[in-house]
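Structural overview
This is what each chain is made of:
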Amino acid sequence: MKKTNLEMLREGIKEIAKNHNARFFDELDNDGQISVMDNSVPTLADVGFLCNDLNIDMRNIQTNIFGIDVYVTSEWLENHAEKEFKGLCLWQSIA
């Protein structure tokens, strides 16, 4: 079944969090951000791969002491969210 970029953003962050034994928070509907509560380099790399797949600008990824936040802009929501996902999925676990 084909998925939209928005669906894959939500599913991807959830899978990345699971793969790194971390929690995630989806606040896209409230304040335009989705987060993984782990700021390690491998987790950041996976989030970067996911965002690259989704055409989310790397400047919209921010780290802090709590984890990694991805800020989704209204421009991305208008121009990319509902398009069919066609990413490479380098962030997915192969196990």
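Here we summarise the structure given alongside this text. Because the structure is predicted, anything quoted here is derived from the model rather than measured. (Residues numbered from 1 in each chain as written. Predicted model: local features only at pLDDT ≥ 70, side-chain atom pairs only at ≥ 80, totals over all residues. Heavy atoms only, no water.)

With 14 residues, helix α3 (residues 41–54) should reach 20 Å at 1.5 Å per residue; the first-to-last C-alpha distance of 20 Å fits that figure. Every buried residue belonging to α3 is among Thr43, Asp46, Val47, Gly48, Leu50, Cys51, Asp53 and Leu54, and all of these are buried. Buried residues in α3 make contact with α1 (5–19), β2 (33–36), β3 (61–63), β4 (68–71) and α4 (74–79). Positioned one or two residues after α3, asparagine 55 has a phi angle of 60 degrees, which is positive. (Helix = DSSP H or I, 4+ residues; strand = E, 2+ residues; numbered from the N terminus. Expected span 1.5 Å × (residues − 1). Buried < 20%, exposed > 50% of the residue type's maximum accessible area, 1.4 Å probe, protein only. Contact = heavy atoms within 4.5 Å.)

Following the sequence through the fold, serine 35 ends up in strand β2. Residue class for serine 35 comes out buried when judged on its relative accessible area of 4%. At 2.6 Å, the side chain of serine 35 and the side chain of aspartate 69 are in polar contact. In contact with serine 35, not counting residues within four places along its chain, are Ile13, Arg23, Phe24, Phe25, Ile68 and Asp69. (Polar contact = N/O pair within 3.5 Å; in protein donor to acceptor, adjacent residues only side chain to side chain.)

Direction of pairing for β2 relative to β4: antiparallel, over a ladder of four bridges. Bridge pairing in β4 places valine 36 opposite isoleucine 68. The hairpin turn running from β3 into β4, its antiparallel successor, is four residues long. (Pairing = 2+ DSSP bridges.)

Turning our eyes to something else, we now look at the environment of threonine 73. Along the chain, the position of threonine 73 falls in the loop between β4 and α4. From its side chain, threonine 73 meets the backbone nitrogen of tryptophan 76 in a polar contact 3.0 Å long.

For the structure on display, the rule yields five salt bridges. Arginine 10 is paired through a salt bridge with aspartate 26; the nearest N and O atoms lie 2.6 Å apart. Highlighted residues: arginine 10 in helix α1 and aspartate 26 in strand β1 (residues 24–27), separated in sequence by 16 residues. In this structure arginine 10 comes out as partly exposed when scored by relative accessible area, which is 25%. (Salt bridge = Lys/Arg side-chain N within 4 Å of Asp/Glu carboxyl O.)

Turning our attention to unusual backbone geometry. One non-glycine residue with positive phi stands out, namely asparagine 21, at about 50 degrees. Asparagine 21 gets classed as exposed once you look at its relative accessible area, which sits at 75%.

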